[in-house]
Amino acid sequence: MKTTIITLFSILLSLAGSARAAEEPIPSVDEIVNKANIMAYYQGQDGKSKVSMKITDKNDNVRTREFIILRKNEEKGGDQKYFVYFLQPPDVRKMVFMVHKHVAADRDDDRWLYLPSLDLVNRIAASDKRTSFVGSDFLYEDVSGRSLDEDTHELIDTTEDLFVVKNVPKKPETVEFAYFNVAIDRKTYMPMKMEYFDKDNKLYRVIESKKVEPIKAKEGEQEVEYPTVTESVVKDLRTGSTTEMTFSKVQYNIGIKDDIFTERYLRRPPREAMR
Amino acid sequence: MIGKVRFGEGLLICMCFAVLFAVPVLAAEQEEGVKKAGPSFWDQFGPLDIHGFYEVRGGYRLQNDRYEKDMSVMETRLQLELSTYNDWADFKYKGDVYGDLAQEEGFYETRETWMFIRPTDYMDVKIGRQILTWGTGDLLFINDLFPKDWQSFFIGRDAEYLKAPSDAAKVSLFSDLANLDIVYTPQFDSDRYITGEYISYWNAALGRTAGQDAKVHTDKPDQWFHDDEIALRLYKNINNNEFAIYGYRGFWKSPAGMNAAGKAIFPDLSVYGASVRGNVGKGIGHAEIGYYQSRDDEGGKNPMINNSEMRYLVGYKQDIGTDFTAGVQYYVEQLLQYDQYKKNPGSVRDEYRHVVTLRLTKLLMNQNLTLSFFGYYSPSDKDAYLRPHVQYKASDNLALEMGSNIFFGDYPNTFFGQFRDNTNLYTAVRYSF
């Protein structure tokens, strides 16, 4: 009898526990999008990864891109610096693309491209962030993030695992979408799926996180694990083109120096960027 | 610097390439044995990275040129690039072999062979044959006095070939205050100027257009460590506005005078200049200035040597649509001591030469198709040079291109007008690996 009561009690307790998880107060939409933004683009102080892209068009023609990307945060959720060293295909090999990302609404990013065969440091106009990144179906904004201030955010659905946030641009004339919905993992706050809709409410573009892996890193002396998207896919439903992006050799908090993101290293990349 | 190659030499070069390929293979094969015998010389190096391309390029003049062949370019080219590194340095070799049907000869050229070291936190050093570029102009150069290959540019070789290599040492020093680049070239590296070999030109001595019948003969300064060049750039980035000041001491890079023997010469030249580049509105703006001090004729009295000049440039570019960029530049060359110059018999230049450039670049088909246009137009010389170009990347390795070099001019002796019989159309296929 006593055992039964204890068992019953513990069942009740666990039920209460799970009920509490479901009824946990839902954070504000601002908190959700802020956390998701940091998960997707700002984990650690800095990071390094090798990226492979496979672009498949509607006729099954395949193109590949391979590069090493270094990232450093100026401030969590704020400005960032990116350094991209191309490995493939042969005609862009050893080119370097560098970005100083600015989140302030009135300031465009600064972008440079270095062409080694001409020893030329080119400055690139960067007013349009919704253009293809290296000919793939990913856009510049997908790679380096879209400023949260550019959209209004509304929590439109909450499931057992996901928050679904609808994002409507404040300046619709500057973008090709009418709105996009992001499904965010409730536990990790990782954006798992992004769906872009046009003016006729028609879905035309989907980005999905296909694989999330815990990556070990150090925060000072402390061992931590950062959940990291290591495989993501974007489908352009209008053109029938798909790009798969795979991240390997992911590292965080490796102490990337600030001056890596200057002309010196643009002209001659640091060793950690090349291999 | 481009070696002509006869059959025997060609074979030798092929063998050199074979040896270069074989070395790492042999090294790998020997590895087993070497492990027992102790570390080999090759063990210190990282894996050898081998890349390059094979290309066929052909082009024709679109009109008859009395002094040149109809064929403007006709060549097959193999470029090999080898790079490796050890604990303290990076190494690179890049060389081209090509058969040139327009000249009916084979050529070999080392484009790059250098070693790069980063000896301290505040210093980079690159020694050897290398391509060098600085300054802000787009296909207009004021403070970039590194050698250009105008011949390749005009006949429609890849843009990479506009830059000729320098045999030089580049030392770069970095500090919070500013950064300094010093480039020392122990033996003068001139431009690859128009000689009449590929491109017909205005020959002032003959008073007419000339080409293969009157190739330019030069008396070029070539003494090591005496006929040397030094170029400096002091630069700083302030809030992503890039400021630079420049200095150069050497020679006019293309012939700029005539000696008593009637040979074209490269008189002494110093250049002092400055530039700035940064975000302006929705795009990128740049401005550059340079004072060309013709040291052998500062007073402008010698009619056989170029006068000093001031050169000015402003430019702006921005996105004007999806994957569509436009850039404009305004450039002025001011001839100094113009009154003296004007006294010379046969003086034809205006005091000011104005040039406007326009660049349009549009990417299509997932950025695999590039349509581009670059045009120079001079309202003062009444001439123009247009460069339309189309490139299609059929795969990650294979690219097809077609382009044209179009020259207009009201007069036969202006900067671009003199080349009007060289207007050409070319096409190329390149396989990169």
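It should be emphasised that the depicted structure is a prediction, and the values quoted were computed from it without experimental measurement. (Residues numbered from 1 in each chain as written. Chains lettered and ligands numbered in written order. Predicted model: local features only at pLDDT ≥ 70, side-chain atom pairs only at ≥ 80, totals over all residues. Heavy atoms only, no water.)

Asks: Mind showing me how you'd approach the interface of chain A and chain B here?
Replies: Many analyses report the size of an interface as the accessible area lost when the parts associate. With 42 residues of chain A at the interface, the matching set in chain B holds 58 residues. Carbon and sulfur atoms supply 37% of the area that chain A and chain B bury against each other, a total of about 4000 Å² over both sides. Looking at the side of chain A facing chain B, the largest losses of area belong to Arg63, Arg123 and Arg264 of chain A, adding up to 20% of the total buried there. Our count for the chain A to chain B interface comes out at ten salt bridges. Salt-bridge contacts for Glu242 of chain B lead to Arg123 of chain A; the nearest nitrogen and oxygen are separated by 3.0 Å. Along the contact surface separating chain A from chain B lie 34 residue pairs in polar contact (both at pLDDT 80 or more). Elements represented by at least two residues in the side of chain A that touches chain B include exactly strand E2 (62-73), strand E5 (110-115), strand E6 (120-124), helix H4 (263-267) and helix H5 (271-274) of chain A. Partitioned by chemical class, the residues of the side of chain A that touches chain B number 14 nonpolar, ten polar and 18 charged. (Contact = heavy atoms within 4.5 Å. Buried area = accessible area lost by both parts, 1.4 Å probe. Salt bridge = Lys/Arg side-chain N within 4 Å of Asp/Glu carboxyl O. Polar contact = N/O pair within 3.5 Å; in protein donor to acceptor, adjacent residues only side chain to side chain. Helix = DSSP H or I, 4+ residues; strand = E, 2+ residues; numbered from the N terminus. Nonpolar A, V, L, I, M, F, W, Y, C, P; charged D, E, K, R; others polar.)

Asks: Looking at this structure, I do not really get the side chain of Lys92 of chain B. What am I missing?
Replies: Structurally, Lys92 of chain B can be placed in strand E4 (residues 90-100). Residue Lys92 of chain B is classed as buried on the basis of its relative accessible area, which comes to 9%. (Buried < 20%, exposed > 50% of the residue type's maximum accessible area, 1.4 Å probe, protein only.)

Asks: What is the right way to read the packing of aromatic side chains from this model?
Replies: Two aromatic rings, taken as a pair, are described by how far apart their centres are and by the angle between their planes. Residues and elements named next belong to chain B. Applying the stated criterion across every chain yields a total of 42 aromatic pairs over all chains. Seen from their ring centres, Phe41 and Trp42 are 5.2 Å apart, and the 80 degrees between their planes marks the pair as edge-to-face. Judged by relative accessible area, which is 54%, Phe41 ranks as exposed. Arranged with centres 5.5 Å apart and planes meeting at 65 degrees, the rings of Phe188 and Phe266 form a pair that is edge-to-face. With a gap of 78 residues between them, Phe188 in the loop between strand E8 (179-185) and strand E9 (201-203) and Phe266 in the loop between strand E14 (264-265) and strand E15 (268-280) connect regions that are remote in the sequence. (Phe/Tyr/Trp six-rings, centres within 6.5 Å; stacked < 30°, edge-to-face > 60°.)

Asks: I keep staring at the pairing of E8 of chain B and nothing clicks. Help me out?
Replies: On a regular strand, one side chain projects to one face of the sheet and the next to the other, so that they alternate. All names here are of chain B. Residues Asn179, Asp181, Val183 and Thr185 point to one face of E8 and are all buried, whereas Leu180, Ile182 and Tyr184, pointing to the other face, are not buried. Examined bridge by bridge, strand E7 (residues 166-174) and E8 share six bridges and lie antiparallel to one another. The partner of Ala169 across the bridge, within E8, is Tyr184. Where E7 folds back onto E8 in an antiparallel hairpin, the turn is made up of four residues. (Pairing = 2+ DSSP bridges.)

Asks: Looking at this structure, how should I read the nonpolar core?
Replies: Generally speaking, a soluble globular protein has its nonpolar side chains buried in company with each other. Core analysis: the largest hydrophobic core is formed by 48 residues, its most contacted members being Phe154 and Tyr376 of chain B. Looking at this core, the elements with two or more residues in it are helix H2 (150-155), E7, strand E12 (229-238), strand E13 (241-251), E15 and strand E20 (369-378) of chain B. With four residues, E13 of chain B is the largest single contributor of residues to this core. Among residues more than four places away in sequence, those in contact with Tyr376 of chain B are Leu139, Leu140, Phe153, Val355, Val356, Thr357, Asp383, Ala384, Tyr385, Leu386 and Phe416 of chain B. Counting residues in each nonpolar core, the second largest holds 41 residues, with Met95, Phe97, Tyr204 and Val234 of chain A among its members. (Core = buried A, V, L, I, M, F, W, Y, C linked by side-chain atoms within 4.5 Å.)

Asks: So what exactly am I meant to see when it comes to the environment of Asn424 of chain B here?
Replies: Residues and elements named next belong to chain B. Mapped onto the fold, Asn424 is located in strand E23 (residues 424-432). For the pair Asn424 and Thr357, spaced 67 residues apart in sequence, the C-alpha to C-alpha distance is 20 Å. Discounting chain neighbours no more than four positions away, the residues touching Asn424 are Tyr60, Arg61, Leu62, Ser72, Phe154, Ile155, Gly403, Ser404 and Asn405. One polar contact links the side chain of Asn424 to the main-chain carbonyl oxygen of Asn422, over a distance of 2.9 Å.

Asks: Would you explain the pairing of strand E18 (residues 324-335) of chain B in this entry?
Replies: Residue and element names in this part refer to chain B. Judged from the twelve bridges that link them, strand E17 (residues 309-321) and E18 form a sheet pairing that is antiparallel. Across the sheet, the residue bridging to Leu313 is Tyr331, located in E18. Here E17 folds back onto E18 in antiparallel fashion, the turn holding two residues, of which Asp323 has a positive phi close to 50 degrees. Relative to strand E19 (residues 352-364), E18 runs antiparallel, the two sharing eleven bridges. Paired with Phe324 across the bridge in E19 is Lys362.

All we've got here are geometric facts, nothing functional implied.
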